[in-house]
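Here is how the chains run, residue by residue.
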Amino acid sequence: MTSKLSAVLPDLSPWRSSPDFRLLWVQGLVTYFASFMAMIALPLQIKDLTGSPLAVGAMGAVELVPLIVFGLYGGALADAVDRRRMILGTEAGLGLLALILLVNAMLPEPMLWPLYVVAAGVSALAGLQRPALDSLMARIVPHDQLTAAAALNALRWQVGAIAGPALAGVVVAYAGHATAYGITIAGFAVSVVLCLRLSPAPPAQGADKPSLRGIAEGARYAWSRPVLLGTYAIDLAAMLFAFPNTIFPFLADDLDAEWSLGLMYAAGSVGSVVLSLTSGWTSRVRRHGLFVVFGAAGWGLAIFAAGWFSNVWLVLVCLAFAGAGDMLSGLGRSTIWNQTIPEELRGRLAGIEVLSYSVGPQLGQVRAGAMAGWTGTRPAIWSGGLVCVVSVGLLAATLPKLVTYDALTDEDAQRRRAQQQAAAEAAAGDAPKDAGEAAGEEPAARH
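Rules and cut-offs
Residues numbered from 1 in each chain as written. Predicted model: local features only at pLDDT ≥ 70, side-chain atom pairs only at ≥ 80, totals over all residues. Heavy atoms only, no water. Helix = DSSP H or I, 4+ residues; strand = E, 2+ residues; numbered from the N terminus. Buried < 20%, exposed > 50% of the residue type's maximum accessible area, 1.4 Å probe, protein only. Contact = heavy atoms within 4.5 Å. Areas by Shrake-Rupley, 256 points an atom, 1.4 Å probe, with all protein chains shown as cover. Lys, Arg positive; Asp, Glu negative; His and termini not counted. Charge placed at Lys NZ, Arg CZ, Asp CG, Glu CD. Axes fitted to C-alpha atoms, helices over the stretch in contact; angles between N-to-C directions. Parallel < 35°, antiparallel > 145°, perpendicular 65-115°, else oblique. Left-handed = near helix turned anticlockwise from the far one by under 90°. Phe/Tyr/Trp six-rings, centres within 6.5 Å; stacked < 30°, edge-to-face > 60°. Patch = residues over 30% accessible without salt bridge, like charges linked within 9 Å, V, L, I, M, F, W, Y side chains within 5 Å. Salt bridge = Lys/Arg side-chain N within 4 Å of Asp/Glu carboxyl O.

### Regarding the overall build of the protein
- From N to C terminus, the protein includes 19 helices and 0 strands.
- For the protein, the C-alpha atoms occupy an extent of roughly 65 × 50 × 45 Å along the three principal directions.
- Expressed as a percentage of its 447 residues, the buried residues of the protein come to 56%.
- Excluding contacts between residues fewer than 6 apart, the proportion of contacts in the protein whose partners are at least 24 apart in sequence is 86%.
- Per element, the accessible surface of the protein, about 18,700 Å² overall, is 68% carbon and sulfur.
- Between the mean site of the 29 positive side-chain charges and the mean site of the 31 negative ones, the protein shows a separation of 4 Å.

Okay, structure coming up:
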């Protein structure tokens, strides 16, 4: 019985093997909790000030350009500077932006425009930070533990995603927006202290300075890999057509269940947590491309059902299933990225990854808000879920290498495994030669 249970429980190998992974896990939990407090309070405050779904959806539009620009630049920067410093600086910046929200919320008549300015600033800092965080994971976690690390990171994220929205709904309703923003500031302050304890993460020897040429080099590498293209395209389609979170306040009104708003934001995270807590089996799977396809299709189907049903409890169940599908797809994407991308390109490719899983939700907010104003809230949700399922099917048929990806036979995965092993031996003093030479590979620019 114990062996059967351990087969499905999360694999804790990364937690045991890497002190930096443990530290980042705790730091990330604090940050996510703080971020979700603000993520719920901000659109609610816009809704209270305007009463317009389009105004709430416009938040995605103002976030889009900073995310694209700083996500790409942040990827190039992560390959050229100490990633620990990038994480520390951006966490401090996010805390300062939360302070602006607090000051505005405490005014006798809070202003609307600072909310959009802060939203754009948060997007810019997130674009800078995420490549450093994501590229650091492949360095501090052994190659064969990357799926387990992705599952543990997702579990951490979902714990914050459940507690943050659920508490934020109560805090905003009974204590106001200012209290929610105050909690956000405290969370980022704790995060900064934890980041100071991380080990330095300097760039590779001889790393180039951030440049458009370096960004283009990373883009060329991604474009030459159908498996990577498939992960980006499927996630972009899923989020563009089936990310209705921004109109949840209007869905709760439509279902005559205003009390359910916090539960709507948390339901997807509940589904993801259930999958994370039973993710032990995913460490033994090699076909991670199937995770991406089936997970994204399941997400779209569940969002379709959430928009179709009029019973709030059925809607919440559907949103939980959607979260499980998104979690499965995310495990596949994260594992493929970390298993196949060479170290010298990790930052720049992580910048592209930021765009693939962040631009979609931003555009999805705009789509959902605009369509809800045109067709109504529920049609905007179910139609997006339907288009998502069709899009995922078409992309899977167009990019068959994603579906057939195998971690043991894929050439890029084998090369990256050899590169990491050689780097570990060199660090231990057993192999002084360059990790790329030991892996028998050409420079990434010639791929």
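Past the structure itself, the notes keep going.
### Overview of the packing of helix H12 (residues 261–277) against helix H14 (residues 312–340)
- Orientation of H12 relative to H14, taken along the N-to-C sense of each, is 45 degrees, at an axis distance of 7 Å. When the axis of H12 is compared with that of H14, the two are oblique. As H12 runs across H14, the sense of the crossing is right-handed. Here Leu263, Met264, Ala267, Gly268, Gly271, Ser272, Leu275 and Ser276 of H12 come into contact with H14, specifically with Val312, Leu316, Leu319, Ala320, Gly323, Ala324, Met327 and Leu328.

### Regarding the environment of Ala150
- Among the secondary structure elements, Ala150 is positioned in helix H7 (residues 146–175).
- On the basis of relative accessible area, Ala150 is assigned to the buried category, the value being 11%.
- Sequence separation between Ala150 and Met327 is 177 residues; the distance between their C-alpha atoms is 9.8 Å.
- If we skip the residues at most four places from it in the chain, Ala150 touches Leu331 and Ser334.

### A look at the side chain of His288
- Counting through the fold element by element, His288 comes out in helix H13 (residues 288–308).
- Other than its neighbours up to four places away in sequence, His288 contacts Thr147, Thr282, Gly332, Thr335, Ile336, Gln339, Tyr405 and Ala407.

### Quick look at the packing of aromatic side chains
- For the structure shown, the criterion picks out 7 aromatic pairs.
- Here Trp15 and Trp25 contribute two aromatic rings whose centre-to-centre distance is 5.6 Å and whose plane-to-plane angle is 85 degrees, an arrangement assigned as edge-to-face. Of the two residues, Trp15 is situated in helix H2 (residues 13–17) and Trp25 in helix H3 (residues 19–50); the sequence distance between them amounts to 10 residues.
- Owing to a relative accessible area of 32%, Trp15 belongs among the partly exposed residues under this scheme.
- Aromatic side chains Trp308 and Trp382 sit 5.5 Å apart centroid to centroid with 80 degrees between the ring planes, which places their arrangement in the edge-to-face category. You can see Trp308 sitting in helix H13 and its partner Trp382 sitting in helix H16 (residues 377–398), a full 74 residues away along the chain.
- By relative accessible area, Trp382 is classed as partly exposed at 27%.
- Each residue in the set Phe304, Trp308 and Trp382 is aromatic and connected to the rest through ring pairs, giving one cluster.

### Section: unusual backbone geometry
- Residues other than glycine seldom take positive phi values, yet Asp256 does so here, at roughly 55 degrees.
- Turning to its location among the elements, Asp256 is positioned in the loop between helix H11 (248–254) and H12.

### Points about a nonpolar patch on the surface
- Judged by side-chain polarity, Val65, Ile68, Val69 and Phe70 come together as a nonpolar surface patch covering roughly 320 Å² of accessible area.
- Residue placement: Val65 occurs in helix H4 (residues 53–78).

### As for the environment of Tyr405
- By the element assignment, Tyr405 lies in the loop between helix H17 (400–403) and helix H18 (411–427).
- In the structure, Tyr405 is positioned 118 residues away from Arg287 in sequence and 5.6 Å away in space, judged by C-alpha atoms.
- Residue contacts for Tyr405: discarding those within four places in its chain leaves Val227, Arg286, Arg287, His288, Gly289, Ile336, Gln339, Thr340, Asp410 and Ala413.

Function cannot be read off these values alone, since they describe shape.
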